[in-house]
Amino acid sequence: MQPTGIVFDVQRFSLHDGPGLRTTVFLKGCPARCLWCHNPESQDPRPEVLVSAQRCVGCGACVAACPLGTPEPGRPRSAGERAVCLRCGACVDACPTGARRLVGRPATVTEVMADVLADRIFFEESAGGVTFSGGEPLMQSEFLVALLRAARDAGLHTAVETCGAVAWRRLRAVAPHADLFLYDLKVFDEERHRAVTGLSGRQVLDNLRALARIHDDVRVRIPVVPGVNDDLDGLRHSARFVAALRGVRHVDLLPYHATGATKFAATGRDYPLIDVAPPSAERMEACAAPFRAVGLEVHIGGDGHECTDRTAAE
Amino acid sequence: MNARTERLRSESLAARPTLSSERAELLTSFYRENDGRWSVPVMRARSFLHLCRHKSIHIGDGELIVGERGPRPKVVPTYPELTCHSLEDLDILHSRPKTSYAVPPECRRAYAETVIPYWRGRSLRDRIFPALPEAWHAAYAAGMFTEFMEQRAPGHTVLDDKIYRRGLRDLQADIAAEEAALDFVVDPRAHDRREQLDAMHIACEAVMLLAERHAELAESVAQREPDATRRAELERIAAVCRRVPAHAPRDFHEALQSYWFCHLGVITELNGWDAFSPGHLDQHLMPFYRQGLADGSLTDAAARELIECFFVKFNNHPAPPKVGVTAAESGTYTDFANINIGGLLSDGADGSNPVSHLLLDVVDEMHLLQPSSNLQLSRKSPDVLIEHALRVVRKGYGFPSIFNADAVVEEQLRQGKTLEDARAGGCSGCVEVGAFGKEAYILTGYFNLPKVLELALHDGVDPRTGAQLGPRTGSDFASFDELFGAFERQLRHFLDVKIGGNQIIERIYATAMPAPFLSVLTDDCIRKGVDYNAGGARYDNSFIQGVGIGTITDSLAALRQEVFETGERTLGELVAALDHDFAGDDALRQRLWNRTPKWGNDDDRADELMRRVFDAFFAAVDGRPNTRGGRYRIEMLPTTCHVYFGSVTGATPDGRRAGAPLSEGISPVQGADRKGPTAVLKSAGKMDHVRTGGTLLNMKFTPELLVGDAGVRRLTQLVRGYFKLDGHHVQFNVVDADTLRAAKADPGAHRDLIVRVAGYSDYFCDLSEALQDEIIARTEHSAL
């Protein structure tokens, strides 16, 4: 039997997750609980129901369909209610407006690859390919390895986006099958890392150091969240750490944006960063300085691949 | 732009379109005096000569390229021999809020006293409608289809390279040679041919006379001109007008002026659809450009200035005003002249050259409503060409649109053209394919595909009126295939009605309204001695344009799923809900809109039904003979007709409300494409574009997506990918919805906002409110 996993989205025409035109496959489940998370629906490894209050017309079809009796239309389940939800999707099937979405579906490698290969003609035109993201894709590392093998067999460029907070053996198993790693380095300071992601940062740093020894195309990505991780001191530490790694030459600084807010609401959670505004261009430049100072190539925004590719071509 | 062209441009933008009765009055007096004296072709040619001899001519301050169809820029003549406007029409034109035309009191008076009394009942429009059968009128009134030629002449055509190689005197020599070779003993049509050839000869005389009169005017203005520089320019203009189009042009300036006189001739002789177009202008101008630079007679700046002056001439010519249904389907000032850039040479080599880039620069700098421009992108075209074009496109003027030059060739080969003629061909109007200078490719009307389904769901009855419009094909279907069978029978019925009407109209034009000057410019009218409107062209295709492929595909997908697969509703329940426009059952409408397969998402459950509809439409049209020795073909484009068709079509099973616009071109239903641009292109790529004469795909991007080299490169990759799938055409709106909403709320502050509508660009503020809303609603593709 071929491996299956839980996929929560397949996004075509993805432009910021590796070179060229890409399709990004989002695998569900993440060990981190970052305050700024853009995909809070990715955290729980199981399928879950998202509700968009704006699209709900209050017809009550969901209540009628739910074996347990859905609390009320237009409102996602609270944490307590989530614990008892069967995640059967009956309310989603009944919803006429699409206000209810079941996020996360079991999928085989063949099914995922059929979705990915739909855009092959554009991958070939642009030297693009497929990126596996999450959640944390390495939480489903066997499934991920099978996907990467299948993508390679199909001749696609492969990339993996990871937070690095996984057992080294998982990362080591995946590494030979990915052409590119997009590796998140969120916060250097251990205490701060725990505070804003809920996890220890040591494993993240150790894994990055080890990965850079066995893989020669690793890009470090740093989400810049004002007031959370944009202190220059911390960034200087990160810069020195990265500069010492053979195999990492590029750092992408990704300015925080608030797209996570609506998704937090749709999953029935409170958004912790409600008052944070995106960083200014000047602030982003200031954050880039420590990395440039140690000789790294810094790109602000997620499409640095294209710029560096063009530089390389010229 | 330099100071001169900037001024000419702003004058052109500021002038208000105004109607002139001069042409109508000249024509009326000539017909009153002479009708019946000569054969029809000679009468047409002599009346054309009369117009060229007596029309007011105009040379504007600072102009280098001269000649106006009306007495002044943006003054528009009328064509009462085709359509005689009523006084009520004139009042509406004068006062309507969108695309109005000022009607001066003297114009109205002339219509009341002279023009209407003569032409009412004699105009072609007045003769065409009574000639059409009852079934045609019923279907036309119901909005099953439109008819292009009920008020404008067959046109849709483009010039090739002949006038750059040969003058009208040379073509007159060809005409004389054909006349000399006529054999009245063995050829029963020799007399017809002689009359036609005589008419062509006179038509050449008329256009040469028009040029001579401009030469004389330039000389007399020059004599009074105090400024020495301008005096020299006017003397130069006079010399150019003495030379062309009688003789082949010798330099860049003469080449542009020669085309412009031919253009004026074609659009003065008759009011043909899509005016007239220069075709592969970059290829035609290249020899003159190269030679001018080499011998020092031309600089890059001078070439640019001349092209800019040339572009202003197009913008000075709003389309002659339409009436009735045709005004609704094509409510715009643009007259669809379209310039091809790039493409292939007739030997198959890449056709782009330095003039291609010059033209793109001018398009970029001037961003005028007219002329339209398009890039012909072949596999062989260098990326530098499309990247240049996309840098212009992303500014949001909608120009140029992008065509697949290799598919354009393949489409024409399928129609039986030679490889050389196919390569020398290209696109005009919105997206239509033709062999330039050698083909009459006539668009006959739009066809309302979703309305056909509506009738199939109602046993041939139009639910709007209760009339039994189509055959009785039942209303209870055991399977989806049975339902589709009923759709196909209705489809064939209405296409028969449409084609039957076309055949009558074509013969009326062939016998009553020849176009001798257009015939001179179109091979092989001279050789055959047969008019453009009667089958003289080397190739003769007639097109019917399918509208609403997205709406009908989604409707069929919804029907199949909800009625025949899940059994969620019975067909009777669903049809009843449509009849009530979903009143009291919004949950059903929501379900149909949100939970059924949609075209544009690379989802075969929908896309496969698009193919079935396409195949049925193709089978019912393609290859059927027209009256000119050619064939019927299909195209998939709407101009703005999807709005009119939507207004006469009830609620549809895809969740669309009664009266709302249909989907536009081959674009997905507005807002139904939810998987991004690559999925749209994949869906669109499942249509067999090669079997059409053109398809129109509109995509809208927010500006952020196109920033920098990376933005241009990814758009290039999307286009190249789509063209690998044999996609015919794609065009981009680059604008965000907030800008459009602001423009709608405050038109005064956004007068210059041009958006891509459907194969052409138009001022957003000139569009109807329904169309404005639709453009706002069209999905914004953004990966941000």
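Everything numeric here is computed off the predicted structure, so don't read it as measured data. Position numbers for residues count from 1 along each chain, tracking the sequence in the order it is written. Think of it this way: whatever chain is written first is A, whatever ligand is written first is 1, and the rest follow in order. Only residues with pLDDT of at least 70 get local features here, since the model is predicted, and only at 80 or more are side-chain atom pairs given and counted; chain-wide, interface and lining totals rely on the full set of residues.

A. Examining the sheet that holds strand E12 (residues 631–635) of chain B more closely. Residue and element names in this part refer to chain B. Strand order across the open sheet formed by three strands is E8-E11-E12, with parallel pairing between neighbours. Unpaired on one side and paired on the other, strand E8 (439–448) and E12 mark the two borders of the sheet. Pairs of neighbouring strands in the sheet enclose a mean axial angle of 30°, with direction left out of account. Direction of pairing for strand E11 (residues 539–547) relative to E12: parallel, over a ladder of five bridges. For Ile544, the partnering residue across the bridge sits in E12 and is Ile634. Lying on the sheet, helix H21 (residues 480–512) is in contact with E8, E11 and E12; it crosses E8 at an angle near 140°. Any two strands with at least two DSSP-identified bridges between them are counted as paired. Per the convention used, a helix needs a DSSP run of H or I reaching at least four residues, while a strand needs a run of E reaching at least two, with both numbered from the N terminus. Fitted lines through C-alpha atoms serve as axes, helices being fitted only where they are in contact, and the angles separating the N-to-C directions of these axes extend from 0 to 180 degrees. By the criterion used throughout, residues are in contact when their C-beta atoms, derived from the backbone, lie within 7 Å.

B. Geometry of the domain arrangement of chain A. Residues and elements named next belong to chain A. As annotated, the domain borders come from an automatic or database domain assignment. When the domains of chain A are assigned, the result is domain 1 (4–43 + 105–313) and domain 2 (48–103). Using C-alpha coordinates to define each centre, domain 1 is positioned 31 Å away from domain 2. In this assembly, five residues from domain 1 lie in contact with nine residues from domain 2. Amino acid classes used here: Ala, Val, Leu, Ile, Met, Phe, Trp, Tyr, Cys and Pro are nonpolar; Asp, Glu, Lys and Arg are charged; the rest, including Gly, are polar. Among the residues making up the side of domain 1 that touches domain 2, the classes are represented as two nonpolar, two polar and one charged.

C. The interface of chain B and chain A, seen in detail. At the junction of the two partners, chain B supplies 24 residues and chain A supplies 21 residues. Those elements giving two or more residues to the side of chain B that touches chain A turn out to be helix H26 (586–594), helix H29 (677–685) and helix H30 (708–724) of chain B. The greatest single-element share of the side of chain B that touches chain A, amounting to nine residues, is contributed by H30(B). Tallied by class, residues from the side of chain B that touches chain A come to seven nonpolar, six polar and 11 charged.

D. Structural context of helix H13 (residues 281–295) of chain B. All names here are of chain B. Compared with the 21 Å implied by 1.5 Å per residue over 15 residues, the 21 Å span of H13 between its first and last C-alpha is a close match. The reported bend at a residue is simply the angle between two axes, fitted to the 7 residues ending at it and to the 7 residues beginning with it. For H13, the principal kink sits at Pro287 and spans about 30°. Exposure in this text rests on C-beta crowding, where 20 or more other C-beta atoms within 10 Å of a residue's own make it buried, 12 or fewer make it exposed, and counts in between make it partly exposed. The C-beta atoms are placed from the backbone. The complete set of buried residues in H13 reads Leu281, Asp282, Gln283, His284, Leu285, Phe288, Tyr289 and Gly292. Buried residues along H13 sit against helix H8 (162–165), helix H12 (252–269), helix H14 (300–315), strand E3 (338–342) and helix H16 (354–366). Residue count minus one, scaled by 1.5 Å, sets the expected span of a helix.

E. How the structure looks around the pairing of strand E10 (residues 250–255) of chain A. All names here are of chain A. As paired elements, strand E9 (residues 218–224) and E10 share six bridges and run parallel to each other. Bridge pairing in E10 links Pro223 to Leu254. Handedness rule for crossovers: strands pointing away from the viewer, path from the first strand over the helix to the second running clockwise, crossover right-handed. Viewed along the sheet, the connection from E9 through helix H10 (residues 232–243) into E10 turns out right-handed. Pairing of E10 with strand E11 (residues 297–300), which is carried by four bridges, proceeds in the parallel orientation. In the sheet register, His250 faces E11, and the bridge partner there is Glu297.

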